[in-house]
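# Working through the structure, step by step
Given next are the chains, with one letter for each unit.
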Amino acid sequence: MKKNTALVLLAFLIFWRCSSDEPSEVSNDDIPRDFISAVDISSFPKIELSQPVFLDDMGQSVSFLEFLKSKGINTIRLRLWVDPSDEYSGFEEVKSFSNFLKSMGFNIYLTLHYSDTWADPGHQVTPENWQNLDLETLKSTVYEYTKMVVQQIAPNIIQIGNEINNGFLFPNGNLYTNPNQFLELLGEGIRAVRDHSMETKIMLHYAGHQGANVFFDQLKTLDYDIIGISYYPLWHGKSLAQLEQHLVQLQSLFDKDIMIAETAYPFTLGWNDWTNNIVGLEEQLILPNYPASPVGQKQFLNDLKNIVTSLEGGIGFAYWGAELIAWDGPESTEGSPWENQALFDFNNQALPVLDVFEIP
């Protein structure tokens, strides 16, 4: 009887929250001071070499990192690749950058791709040097690698895998062809963190919100702290109400903290280099609520923040590609596919969306 009553209450709560497309309104006074206000700036060490000049709201030149901190950003998210083709996003760069960021007072949130390059639902390529290992050796390698990261970088949050909807470390860790091996490999990464850090929180990361309950149900035997969700309207649907509904379900079903691990939105559909942008069409937007404008970008992130802060167990959000200006020059075809979704405009001046990161 108690279980049935709980289900009825949950259904009522979901209906009440999602009967409108308007997100829950939250006062700044209700936001906890430990709320995670984060940006992913994984490419900044590379971009910094071009010596871009960043400007504040008034057009005055500023130190990029110091300005982010002044805006209330308290956490920096960084990707980590095992053996990339160059030094960028490799262990030494990420360790050095993390130490510098810590010296400035930022918390560190690492996303371990367990790959030499981008890992996402469609790409989970095992690092080249790990590809011929048998399962037991691969499990040991995952453990030792994760142990090294935790001991030498000591992040506040660590993702075991990036957008692991279909598993990771293919083919051994493919969720659909080798589900037990996927859980074993994931478990070794988790065990390495638990064995060597009492402070680092463990996140498991899913791209999107539809189907997330089914995915996390398969992980219910694992020991982790945070459910991380990517939310991009282009790929994950244009209803913030439906997003909120699914986040409420996840928190109720699994009793974990919830974080928007990745999100972004354009301030224009224009471009500032010759590299094709990922978002460039009106049909990719949420209209009329959030036009591709500085105001629309700010309103999107503000409403997303309201959803997270109104959620029991909602602990924060991270904006992806905050730094991805057209750093390689206006005629580059290998520059930024994201400069219209960065947190600085085409003059490298701070956009109004940065005000959303403030925590009272």
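Residues numbered from 1 in each chain as written. Predicted model: local features only at pLDDT ≥ 70, side-chain atom pairs only at ≥ 80, totals over all residues. Heavy atoms only, no water.

To find leftover empty space, one rolls a probe the size of a water molecule over the atoms. In this model, the largest pocket occupies a volume close to 890 Å³. Lining the largest pocket are 39 residues, with Arg 79, Trp 81, Trp 118, Trp 320 and Leu 324 sitting closest to its centre. For the lining of the largest pocket, the secondary-structure elements that each account for two or more residues are helix H2 (44-47), strand S4 (75-80) and helix H8 (233-236). In terms of residue class, the lining of the largest pocket is made up of 16 nonpolar, twelve polar and eleven charged. By volume, the second largest pocket amounts to about 280 Å³. In terms of lining residues, the second largest pocket is bounded by 17 residues, among which Asp 34, Ile 36, Ile 157, Lys 201 and Ile 315 are the most central. If you list the elements that add at least two residues to the lining of the second largest pocket, you get strand S5 (107-112) and strand S10 (314-320). For the lining of the second largest pocket, the element with the most residues is S5, which contributes three residues. Here the residues of the lining of the second largest pocket sort into eight nonpolar, five polar and four charged. (1 Å grid on protein atoms, 1.4 Å probe; cavity = no way out; pocket = protein on both sides within 12 Å on 5 of 7 lines; lining within 4 Å. Points joined across faces, edges and corners; volume = space filled by probe spheres on them. Helix = DSSP H or I, 4+ residues; strand = E, 2+ residues; numbered from the N terminus. Nonpolar A, V, L, I, M, F, W, Y, C, P; charged D, E, K, R; others polar.)

Counting residues in hydrophobic clusters, the biggest one holds 95 residues, and the most contacted among them are Val 39, Ile 41, Phe 216 and Phe 344. Per element, the largest residue contribution to this core is seven residues, and it comes from helix H5 (residues 135-153). Those residues within four positions of Val 39 in sequence are excluded, and the remaining contacts are Leu 68, Ile 73, Thr 75, Ile 76, Arg 77, Tyr 319, Ala 322, Leu 343 and Phe 357. (Core = buried A, V, L, I, M, F, W, Y, C linked by side-chain atoms within 4.5 Å. Buried < 20%, exposed > 50% of the residue type's maximum accessible area, 1.4 Å probe, protein only. Contact = heavy atoms within 4.5 Å.)

Moving on, we get to the sheet that holds strand S1 (residues 36-40). Spatial ordering of the closed barrel is given by S1-S4-S5-S6-S7-S8-S9-S10, a layout of eight strands whose pairing is parallel. Strand-to-strand twist in this sheet, taken as the mean axis angle between neighbours without regard to direction, amounts to 25 degrees. Strand direction decides the pairing type here: strand S9 (residues 257-263) and S10, joined by three bridges, are parallel. Across the sheet, Ile 258 pairs through a bridge with Gly 314, a residue of S10. (Pairing = 2+ DSSP bridges. Axes fitted to C-alpha atoms, helices over the stretch in contact; angles between N-to-C directions.)

The subject of this paragraph is the packing of aromatic side chains. Inspection of every chain in the model, using the stated rule, returns 27 aromatic pairs. Centroid distance Phe 35 to Phe 317: 6.1 Å. Interplanar angle 55 degrees. Geometry classified as tilted. Here Phe 35, found in the loop between helix H1 (2-18) and S1, pairs with Phe 317, found in strand S10; they are 282 residues apart in sequence, far enough to count as distant. Residue Phe 35 is classed as buried on the basis of its relative accessible area of 1%. In this structure an aromatic cluster arises from ring pairing among Phe 44, Phe 54, Phe 64, Phe 67, Phe 97 and Phe 344. Over the ring of Tyr 224 we find Lys 256; its NZ or CZ atom is 4.3 Å from the centre of that ring. (Phe/Tyr/Trp six-rings, centres within 6.5 Å; stacked < 30°, edge-to-face > 60°. Lys NZ or Arg CZ within 6 Å of the ring centre and 35° of its normal.)

In this section: empty space enclosed by the protein. Applying the stated criterion to the full structure yields one cavity of 30 Å³ or more. Space inside the largest cavity adds up to approximately 60 Å³. Lining the largest cavity are Tyr 232, Pro 233, Leu 234, Trp 235, Ala 264, Tyr 265, Pro 266, Val 279, Gln 284, Trp 338 and Gln 341. A breakdown of the residues in the lining of the largest cavity according to their chemical character gives nine nonpolar, two polar and no charged.

Glancing now at the confidence of the model for the protein chain. For the protein chain, mean pLDDT is 93; residues scoring 70 or higher make up 91% of the total. Considering only residues more than four positions removed or in separate chains, one finds that residues 1-24, a stretch of pLDDT under 50, has 23 contacts. (pLDDT = per-residue confidence, 0-100.)

For the rest of this paragraph, the subject is the pattern of salt bridges. In the structure shown here, the tally under the stated rule is 13 salt bridges. The shortest N-O distance in the salt bridge between Arg 77 and Glu 262 comes to 3.2 Å. Of the two residues, Arg 77 sits in strand S4 while Glu 262 sits in strand S9, which places them 185 residues apart along the sequence. Each member of the pair, Arg 77 as well as Glu 262, is classed as buried. For Lys 147, the salt bridge goes to Glu 144, with nearest N and O atoms at 4.0 Å. Of this pair, Lys 147 and Glu 144 both sit in helix H5, three residues apart, which is roughly one turn of that helix. Since its relative accessible area comes to 40%, Glu 144 is described here as partly exposed. (Salt bridge = Lys/Arg side-chain N within 4 Å of Asp/Glu carboxyl O.)

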